[in-house]
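So the chains spell out like this:
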Amino acid sequence: MQFKHLLTLCFFALTCFFFEPAFAQNKVITGKVTDKKDGSSLIGVTVGAGGGIGTQTNVDGTFRLSVPANTTSLVFNYIGYKSTTVSLDGKTFVAVTLESTNTALNEVVVIGYGSTRVKDATGSVASLSPKDFNKGVIATPEQLLQGRIAGVQVTPASGEPGAGATINIRGASSIRSGSSPLYVVDGVPLDNGGTAGGYDSGAGSASARNPLAFINPADIENISVLKDASASAIYGSRGANGVILITTRKGRKGAGVQFGASTSVSKAAKTYDLLGREDFLKGVASVGADPAAVDYGGNTDWQKEILRTAVSQNYNLAFGGASNTGNYRASAGYDRQEGIVKNTDLRRFNARINASQSFFGERVKFDLTSLFSNVKDRFAPITNNAGFNGSLIGAALQTNPTIPVYDNKGRYYNLNGYDANGFPNGNSFRNPVSLLNQIDDTDNINRYLNNLSLTLRLIEGLSYKGNIGIDRADGLRQTYYDPTIVGFTDQTGIRDFNVPSATGNGRGILQHNELRSTTTEHTLNYDKKFANNSTITALVGYSYSSYKSFNRNDFAWGTANKKEFVKDYYDYDGFTHRLAYPVGDSSSYKLQSYFARVNYSYKDRYILTGTVRRDGSSRFGANNQYATFPAVAAKWRISSESWAPKGVFDDLSLRLNYGQTGNQDYPSYASLRLKQLNYYGTSSSPLNAANPDLKWETQTAYGAGLDFTILSGRLSGTLDYFNKSQKDLLFLQDLAQPAADTRYWVNLPGNVRNTGVELGLNFAAVKSSSAKGFTWDINYNMTFVKNRVENFGNRNVITGNIDGQGLSGAYSQFIGNGYPLYTFNVSQYNGLDKDGFGIYPDGIDAATPHGSPLPTFLAGISNSFTYGNWNASFFVNGASGFYIYNNTANAFFYKGNLVSGRNVTQDIAVTNENALNSGEVSSRFVEKGDFIRLSNAVIGYTFPVKGSVFKTLRVSVTGQNLVLITGYSGLDPEINTNKERNGVPSRGIDYTSYPSARTFTFGLNASF
C-alpha cells in the first residue's frame, strides 16, 4: 500500500512540474548566492524585491523569485554578511557573492536531509572542515576528528593500519547491542559490514578491520556530528548513538587539477623493556632455576625481529569545475600504509565522481555521487584471545631471548626439534618469526557506493527530491598456514567437524563476505518567507531501506607432496582435502520510515524546530515492529532583543532540546526462534527462543546550550548540558533449564544514563590586517561526562575476559546497578608481603569495583599560526578519570615466568616477587589511563606562484603521536582490545595489542 502512495506522490510531483501559474505582468529571476571568500553556497539568504516580495536561497545557494516586470534590482541580506544590492539590467539570472562579517555564525553545518548555518541550528551539531582535520597518515574517517569535537570519544582498537575503533558520542549507552553511531555518506546510510575477522585456528580470533576504510580522507569536504536527540531524531531508530554525516567534495569554479603526494615514515612509539640475554639468564638464576637449562646460545631481540620502520605513500589526483548550472569533480587516490609490524599493510585505491546539473532555469536538478574502492589488507597473526602460547605479540614478549630465530639447518628454531619428515614436534613453543612468515593472511574488498537524486522545483518554495542509494561490498579474506609451522598441533572444530591441525597438514581458509543495501527516499521541502519577517521550512519524507549480508567459509588442508609452502605461493586448490561445502550465515532486514521536520523562525530571533520519525523494522517482534521518535528544539537569539546590552555580545543564543531516538543495531531474526545445523545436518543447536514483544532500545534526551560570539567575532563558543537515558536494553538472556532453548533476546528493565557538560571555543588570538601578516587561531574543546546504570535491580552482567596461563574463564568487568558500564570488578591487591606473595586483604576471590574504563573528562586544543607564506599548527588532546586493565602484564609479566624460561620486563625482574606467586586477576593490573598527547603537528610553506604553471604549490611536514605523557605502564592508554564475553562488549582492556606508531609525513600539494 505504501508504494502505491509513493507512486501517486511521484505523479503529483511531475504534474506540478509541468504546471506553472501565468503572471502576465511578472518576470522570473533565478540566481545563486555564494561566499566571497571560498565560493561556498549560502543557504537561507533573504532575497527581496521590495513591497514584501521575497524568498530565501535553498541548500545549494540558488533561488527563484517572481517579481513585477518593472523591478530593477534585488537586495540580499544575511546575518553575518554585508547587505548587497544587485542591479538586474534586464538579466533573468544573477550570480551574487556576499562578504562575511562574522565567519563563525555563517559556517555551514550539514544536518539530516539538508544543511543549515550555525546561526540557525537549534540542535547540537558540530562540524569539521579539512582545515580542522587531523593530518598525516589517515586510514579511516574517524581519525580525522579524533579529539577535535567536544562530546566525541574515539578509541582505536590498536595501532594497526585500518584498525577498528570504538566511537561514543556523549557516552556509552548500550550493554549488548551496538554502540557505534550511524554513518551517512552523501545521503546514504551505511551498514558497517563487509569485512571479516581472523578465524581462530589455534591462536585466538582477531577483529575485522575498520569497515570505513573504503573512504578516501582526501575526498571529504565536511564531517558533521549530530549529538543530541533533537538533531539525530530525523534518523529515528538508528540515531540513539549519534549520527556522523560525511560529505564529499564537489566541483567549484576554477578548481582545475589538484595533485597531492606524501611519503611517511613510522616507527613504534614505545616498546616493552624486556630482558636481554645476560639479564635474562641472571633473572632465571635469581628465582632458583638453572640458567644452563634454558640457554640455547642465541641473543635475540624478538620485538626487533617482528617490528620495522614502515614507509607509507599516498597519491591523490582530482579535477573539476563548475558553471552557473552545474558542477563536477572526479578524483582518484592510491594509498599504501605499511604497518610497523612486519608483513602488515593497507592498500587502498579509490575512484570517485561527484556531479550536479540543473535544467530549465533551476527547475530540474540531478545529483550523482559514485565511488569505487578497492582495499587490500595484509594481517599479522595478532589476536584478541590467544592461549598461553600466544599469538605474534604475546610470543615475542615471552620468548626466551637466548633462542635463535633459525636452527643450524636454516629451519625456524623449535625447542622440540623436527621429525624425520621435516615437520616440527611438540606444541609448547611458537617462534615469532615463524608466525610472521608461515601464516599468510590477506583480504581484498571491493566496495561500490552510489547515490542518484532528482530535485524538482514544483512551485515557488516547494520542491520534491527523490534519491536512490546503493551500497555493495564484496570481500574475500584468505588465510594460509604452512604445514611446517611450529606450534599449531590442535584440531579446529567447525560445527561438529574437526579440521586437522595446521602443523603437519597446512591449512587454507577462505572467508567470503558480501553486503548489499539499497535505500530509496522521497522528500518534499517547503520554504516560505512571510510579511511579518518570519520564515518556515518544512520537510516530509518517506524512506525504505533493505540490507542483506552473506558470509561463507571454506576450509582445506593436506599438502600432497609439498612439505613446505613458499610465501606468495599459497593456493587453496593445492590442498588435498576440503570441506564438502562451505559453512556460514546470511541475514537481512528491512526498514521503512516516515518522517517530518518543521522549522519556524520569527524575526530571525525565535527559532523552533519539531521533528518526528516513525520507523518499522523487520528486526523486531511482531508486536513491536513500529515505533515513533519525536523531538523538539528551540533557539532564542538573545542578542537580537532591543534590551540586550550592545557592544558585548555579537551573538548570544540559548538552545533547548528534547527528543527520543532508537537503537536497532543488533542481530537480525533475534525475535524469532533460531537453530543452527551442524556440519553433517544430523543435529541442531538452539541459538535463541522467540520473543514477539522484542522492541527497540529507546533513548530519551534533553539538554540546553548557549552559543556566543564576542570581540567582533574573534571569540565564539558553545556551552552545552546534556542528559540522556537509554531504556529497554537489548540483551541475550539465559533461560532457566531444562528448556527447549537456552537463551532468548529480551528488553531488560533499567536504563543507562549519561550526563555531562561540553565546551567548545574558537579564538582568533592574533589577527592581521595584511594578508601576509601574523595570525594565531586557537580551538579548544572539553567534555565532562558521567555514566551510570540505573534501576537495574540486583542483576550483574559480567564481561571482560582475561587471557593467560591459568586464567581460563577469568573476567574483569561487570555491569551493575549504580556503576558505570564495564566497571572493573576484581580482587583488591595490596602489593607483596615479605616472602614475595601477593596480599589480598579481602581474599583472592572477593571481587570489588575498581573504577571504570570510560573517561570522565576529555579535552583537545589546537593552535594554528600563519606568517607570510608559512603556516604551522599543533594539536594536543587528553583524557582522565578512566582505568585500563593491563591483561598483557597479567598474562606475561610476573616473576614466575622466568622459572619456565619465559621472558619478563626489567622492572619485574628486580622485584622481590616470589617465583611461586600466581598472577591472579586483581587490582594489581588495573592502572590509571590518564594521558596528554601531542597528537598532531604541521609546518608548511606555500610558494608564490604568480605567472607560473601552478595555481598553488605547498609543501608540508606533519608529525603524529609525537609525545605521550601518561602513568600507564603499557604501550598506549588509548586502546580497546575486544574482550567480550557471551556477546557482551568490554572496554579498556589491553592484551598484546598492535603497537601505536610515531609518524612523520612529507607532503606536496599542487593545483594547476
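Up top you'll find the structure we're talking about.
Residues numbered from 1 in each chain as written. Predicted model: local features only at pLDDT ≥ 70, side-chain atom pairs only at ≥ 80, totals over all residues. Heavy atoms only, no water.

> How should the overall build of the protein chain be read in this particular structure?
Within the protein chain, the regular secondary structure consists of 10 helices and 50 strands. For the protein chain, the spread of C-alpha atoms along the three principal axes comes to 105 × 65 × 60 Å. By the burial criterion, 55% of the 1008 residues in the protein chain qualify as buried. Of the roughly 40,300 Å² that the protein chain leaves accessible, carbon and sulfur atoms contribute 56%. In the protein chain, 94 positive and 80 negative side-chain charges are present, and the distance between their average locations comes to 7 Å. (Helix = DSSP H or I, 4+ residues; strand = E, 2+ residues; numbered from the N terminus. Buried < 20%, exposed > 50% of the residue type's maximum accessible area, 1.4 Å probe, protein only. Areas by Shrake-Rupley, 256 points an atom, 1.4 Å probe, with all protein chains shown as cover. Lys, Arg positive; Asp, Glu negative; His and termini not counted. Charge placed at Lys NZ, Arg CZ, Asp CG, Glu CD.)

> Teacher, can you tell me more about unusual backbone geometry here?
Excluding glycine, most residues fall at negative phi; most peptide bonds, likewise, are trans. Residues glutamine 737 and proline 738 are joined by a peptide bond in cis, for which omega reads 5°. Examined against the element boundaries, proline 738 turns out to sit in the loop between strand 36 (715-734) and strand 37 (743-766). Its identity is not glycine, yet tyrosine 669 carries a phi of approximately 70°, on the positive side. Residue placement: tyrosine 669 occurs in the loop between strand 32 (649-663) and strand 33 (674-677). The class of tyrosine 669 is partly exposed, set by a relative accessible area of 29%. With phi around 65°, tyrosine 822 is a residue other than glycine that occupies positive phi space. Relative to the helices and strands, tyrosine 822 resides in the loop between strand 40 (811-816) and strand 41 (823-827).

> Please clarify how the nonpolar core should be interpreted in this entry.
Note on soluble globular proteins: their nonpolar side chains tend to be buried together. Ranked by size, the top nonpolar core spans 69 residues in total, and within it Val341, Leu392, Phe488, Tyr885 and Phe893 carry the most contacts. Looking at this core element by element, the count peaks at 5 residues for helix 7 (residues 392-398). In this structure, phenylalanine 488 is in contact with Ser201, Gly202, Ala203, Asn427, Arg430, Leu435, Ile439, Tyr481, Ser501, Ala502 and Thr503, ignoring residues within four places of it in sequence. If you look at the next biggest cluster of nonpolar residues, it comprises 28 residues, including Leu128, Leu144, Val225 and Val375. (Core = buried A, V, L, I, M, F, W, Y, C linked by side-chain atoms within 4.5 Å. Contact = heavy atoms within 4.5 Å.)

> Could you clarify how one ought to interpret the sheet that holds strand 6 (residues 84-87) in this entry?
Strand pairing in a sheet relies on backbone hydrogen bonds, with the paired strands running either antiparallel or parallel. Read from one edge of the open sheet, 4 strands run 3-2-5-6, paired in antiparallel fashion. Taken across any chain shown, the strands that pair with only one partner, and hence form the sheet edges, are strand 3 (53-56) and strand 6. This sheet shows a mean twist of 25° between the axes of neighbouring strands, independent of strand direction. Taken together, the 4 bridges between strand 2 (residues 46-50) and strand 3 define a ladder with antiparallel strand orientation. The partner of glycine 48 across the bridge, within strand 3, is glycine 54. (Pairing = 2+ DSSP bridges. Axes fitted to C-alpha atoms, helices over the stretch in contact; angles between N-to-C directions.)

> What am I meant to see in the pairing of strand 44 (residues 870-880) here?
The side chains of a regular strand alternate, first on one face of the sheet and then on the other. Pairing of strand 43 (residues 857-867) with strand 44 involves 11 bridges; the strand directions are antiparallel. Residue pairing in the sheet places isoleucine 861 in a bridge with valine 876 of strand 44. Where strand 43 folds back on strand 44, the antiparallel hairpin that results is connected by 2 residues, among which glycine 868 adopts a positive phi of roughly 60°. Sheet analysis places strand 44 next to strand 47 (residues 931-942), joined by 10 bridges and oriented antiparallel.

> For this particular structure, what's the right way to read the pattern of salt bridges?
Pairs can form between side chains of opposite charge whenever their charged atoms are close. Counted under the stated rule, the structure contains 43 salt bridges. For arginine 613, the salt bridge goes to aspartate 615, with nearest N and O atoms at 2.9 Å. By the burial criterion, arginine 613 is buried, and aspartate 615 matches it. A cluster of three or more residues bridged by salt bridges with shared partners is formed by Arg170, Lys227, Lys635, Arg655, Asp707, Asp720 and Glu758. (Salt bridge = Lys/Arg side-chain N within 4 Å of Asp/Glu carboxyl O.)

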